[in-house]
Amino acid sequence: MATEIFLLAAVHKMQVAESLGRGIGISDNMFLSDDKSIARRIMSDLTVDTIGRMEANFLLESPLFIHGKWVIEKPVAEIDPLPLLNIKMRKIYSFYDGLWTLRDNCVNSETVFRIERGGGRDERVSVNGMAYRYDCADSKIVDVAFTRSEIQETRDKYSARISALEESRITPELEVKMAGQSGRIGRAFKFLFATRTSSSTLLKVAYQCSFLEAMFCTDSGEISHKIAERAAVFLGSDLEERTRIYRFLKKAYGVRSRVIHGGAISGDVEGLVGTC
C-alpha cells in the first residue's frame, strides 16, 4: 500500500512582490509558494484536528510557505517519519542560508510539518523544528523582500549543496568529517552563518571576525593586522576605502578579542552595530 507524504512549513519575514503560483522549486520536489489553495488541499480535517485550529490557521494565513509531496510504497505504519523530515528540514534551512548570502535577512521557518496519508483515515502528522532565532546584522527582526529571479538564483547557486544533505542526523563524528572535507572556506562559513542565530551584537562581531580569521589568516603572528590588511585589500577598491576598512576591522577585532577573552566592553561597539 502506497503512502502519500506531504510537507508544509510557513515562511516568516520574507516578501515576494510577484505571484509564485504553484511555487519555485528549491530542492527535490519542494516549492516556495504563495498559493494558499495548495495548503488548504494538503490539510484535511484530521490534519487540523491533529495540529490544532490555531496552528492550522497560521499555516493557511501565511503569505509564503514551502510545500512538497512524495510517495513511498509502504503503509503508514511501516514508515519512520523523522529521518525524511529531518533531511527536508535541513534542506529548507540550507536554502535560507543561501538567501542570506544574497541579502541580509532573518527569513525562517519555526516548524516543519510532515503529513503521511494512506487509505481511508489512515493519517499521521509529524512536526519538527530547529531552535534558531534568526535576526539581521543590526539585531532587528524585519521583513525582507526578494524577487522571483533572486530566489531562483539562490536555488541554482546552492542546488548541489542542498541536494547533498541526505544524512538524516548530523552526528559529532560526521560533523568533524564534513569540516575536514570542507576546507578553509567551508569552515569560515560556519562562523558566518552562526551570526544569523545570534541576537547579541557582540557575538555577531566575534563570529564575523572568526570568519575573516579563517579566510585570511595563515599563521599566528600579528593576526589582527594581517586579517584587517588582507581583507581591506580584498574588499576595497582604492587606497581611501582600504584604509577605512582596515581601521574598521582593527577596531572590530579588538572588540572580538575582549568578548572572547573576558575583557571590559564600553563604547567599543559604537559604529559596529548593523555593519558587522
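Our subject is the structure listed above.
Residues numbered from 1 in each chain as written. Predicted model: local features only at pLDDT ≥ 70, side-chain atom pairs only at ≥ 80, totals over all residues. Heavy atoms only, no water.

Colleague: Whenever I open this one, helix 7 (residues 201-216) confuses me. Can you help?
Modeller: Owing to its 3.6 residues per turn, the α-helix brings residues three or four apart onto one side. The terminal C-alpha atoms of helix 7 lie 22 Å apart, and with 16 residues this matches the ideal 22 Å at 1.5 Å per residue to within 8%. Within the span of helix 7, buried status applies to Thr201, Lys204, Val205, Ala206, Gln208, Cys209, Ser210, Phe211, Leu212, Ala214 and Phe216. (Helix = DSSP H or I, 4+ residues; strand = E, 2+ residues; numbered from the N terminus. Expected span 1.5 Å × (residues − 1). Buried < 20%, exposed > 50% of the residue type's maximum accessible area, 1.4 Å probe, protein only.)

Colleague: Which parts of the structure should I look at to understand the environment of isoleucine 72?
Modeller: Tracing the chain through its elements places isoleucine 72 in strand 5 (residues 65-72). The residues contacting isoleucine 72, other than those within four sequence positions of it, are Met1, Ala2, Thr3, Ile5, Ile79 and Leu84. (Contact = heavy atoms within 4.5 Å.)

Colleague: I'm lost on the pairing of strand 4 (residues 30-33) in this one. Help?
Modeller: Consecutive side chains of a regular strand alternate in pointing toward one face of the sheet and then the other. Residues Met30 and Leu32 line one face of strand 4 and the alternating positions Phe31 and Ser33 line the opposite face, and both faces are buried. With three bridges connecting them, strand 3 (residues 24-27) and strand 4 associate as antiparallel partners. Bridging across to strand 4, serine 27 finds its partner in methionine 30. A loop of two residues connects strand 3 with strand 4, the two strands running antiparallel in sequence, and asparagine 29 in this loop sits at a positive phi of about 70 degrees. Of the strand pairs in this sheet, strand 4 and strand 5 are connected by four bridges, and their pairing is antiparallel. From the neighbouring strand, leucine 32 faces strand 5, where its bridge partner is isoleucine 66. (Pairing = 2+ DSSP bridges.)

Colleague: Looking at this model, I keep getting lost on the packing of helix 7 against helix 8 (residues 223-235). Mind explaining?
Modeller: Angle between the axes and distance between the axes: these two values describe a pair of packed helices. Closest axis-to-axis distance for the helix 7/helix 8 pair is 10 Å, and the angle between their directions is 80 degrees. Judged by the angle between their axes, helix 7 and helix 8 are roughly perpendicular. Two secondary-structure elements touch here, helix 7 through Leu212, Glu213 and Phe216 and helix 8 through Ile223, Ile227, Arg230, Ala231 and Phe234. Across the contact of helix 7 with helix 8, the residue classes tally to six nonpolar, no polar and two charged. (Axes fitted to C-alpha atoms, helices over the stretch in contact; angles between N-to-C directions. Parallel < 35°, antiparallel > 145°, perpendicular 65-115°, else oblique. Nonpolar A, V, L, I, M, F, W, Y, C, P; charged D, E, K, R; others polar.)

Colleague: What is the right way to look at the pairing of strand 1 (residues 3-10) in this model?
Modeller: Among the eight residues in strand 1, seven count as buried, and that is most of the element. With five bridges joining them, strand 1 and strand 6 (residues 112-117) adopt antiparallel strand pairing. Note on strand 6: the bridge partner recorded for leucine 8 is phenylalanine 113.

Colleague: Got a minute to help me understand the packing of helix 7 against helix 9 (residues 239-261) in this structure?
Modeller: Where helix 7 meets helix 9, the closest approach of the two axes is 9 Å, and the angle between their N-to-C directions is 115 degrees. By the angle between their axes, helix 7 is roughly perpendicular relative to helix 9. Helix 9 is crossed by helix 7, and the crossing has left-handed handedness. For the pair formed by helix 7 and helix 9, the contact residues are Leu202, Leu203, Val205, Ala206, Cys209, Ser210, Leu212 and Glu213 on the first element and Leu249, Ala252, Tyr253, Val255, Arg256, Val259 and Ile260 on the second. (Left-handed = near helix turned anticlockwise from the far one by under 90°.)

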